[in-house]
Amino acid sequence: MTKRLPTGITVLDRQLDGGIPAGSIVFLGADPASQSELILYELTAARGTLYLTTARSDQAVRDALDRSSVRTGNPTVRGVDGDGPVDQAHRLIRGLPEEANLIIDIVDVLERVEPARYQNFLNEVQTHMINTGGLTVLHGLKSANLPRNRGLTKHMSDIVFDLDTSVSGSEIENRLAIPKFRGGRALDETIKLRLTEEVDVDTSRDIA
């Protein structure tokens, strides 16, 4: 049986039979105006993490981790800009140790490169994850103008997390769907999350 790596988020680990299979690539799609980054931040507490930031500066990410209300680790944060982002990311990933996390936030910048080049990059990441027993999370934004390789990202990913954030009356609702789980069990229902001081299940009842 494939080893499971805990995400550090109790609610997810419980639903996923202990965590995510080692060697997996996970795509987390979320609205730009959401608290999806809290999921990434909690993941850094589970094990050593290389956090590649493509939009915010590396210092902005470090500051956000320091200020975060959720439990975090001490990840290595590196910036990847729009000048040859795939080459930059590949150089940084080569040195990842055994059973480490790789977070790319956001993957949109890499998704804009030529499809064959991007596909080759994802294959190399997958090979490295399998060889080291690590875990990759690709954080992508849901928007009207998706990068041309978003479909390829979802296809190549082993697991897809889809976080939907909406305003219902006076409440903000966050529902996590897991429609794809290669080598495991996709969830039949969404999980209602509370993204505040920690990532947890929202047990409040829905009132029709």
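Here goes a summary of the coordinates provided.

Reading guide: rules and limits
Residues numbered from 1 in each chain as written. Predicted model: local features only at pLDDT ≥ 70, side-chain atom pairs only at ≥ 80, totals over all residues. Heavy atoms only, no water. Core = buried A, V, L, I, M, F, W, Y, C linked by side-chain atoms within 4.5 Å. Buried < 20%, exposed > 50% of the residue type's maximum accessible area, 1.4 Å probe, protein only. Helix = DSSP H or I, 4+ residues; strand = E, 2+ residues; numbered from the N terminus. Pairing = 2+ DSSP bridges. Right-handed = clockwise from strand over helix to strand, strands pointing away. Salt bridge = Lys/Arg side-chain N within 4 Å of Asp/Glu carboxyl O.

Ranked by internal contacts, the top residues of the largest apolar core, which has 33 residues, are L12, Y41, F161, L163 and L193. Those elements that place two or more of their residues in this core are α1 (10-15), β3 (24-30), α2 (37-43), α3 (58-67), β7 (135-141), β8 (159-168), β9 (171-181) and β10 (191-195). No other element matches the 5 residues that α2 contributes to this core. Judged by nonpolar contacts, the second largest core, of 25 residues, contains F27, V109, F121 and V125.

Moving on to the pairing of β7. Of all 7 residues in β7, 6 are buried, a share of seventy percent or more. In terms of strand pairing, β3 meets β7 through 7 bridges, oriented parallel. Each bridged residue has a counterpart across the sheet, and for S24 the counterpart in β7 is L135. Bridge count between strand β6 (residues 101-105) and β7: 5 bridges; the pairing is parallel. Within β7, the residue paired with I104 across the bridge is L138. Viewed along the sheet, the connection from β6 through helix α5 (residues 115-132) into β7 turns out right-handed.

Here the focus is the environment of R94. Residue placement: R94 occurs in the loop between α4 (85-93) and β6. Overall, R94 belongs to the exposed group, its relative accessible area being 55%.

Summed over all chains, the structure comprises 11 salt bridges. Between K3 and E99 there is a salt bridge, with its nearest N and O atoms 2.6 Å apart. Placement of K3 in the segment before β1 (4-5) and of E99 in the loop between α4 and β6 is noted, with a sequence separation of 96 residues between them. For K3, a relative accessible area of 46% gives the class partly exposed. According to the relative accessible area criterion, E99 is partly exposed, its value standing at 34%. Between K192 and E173 there is a salt bridge, with its nearest N and O atoms 3.8 Å apart.

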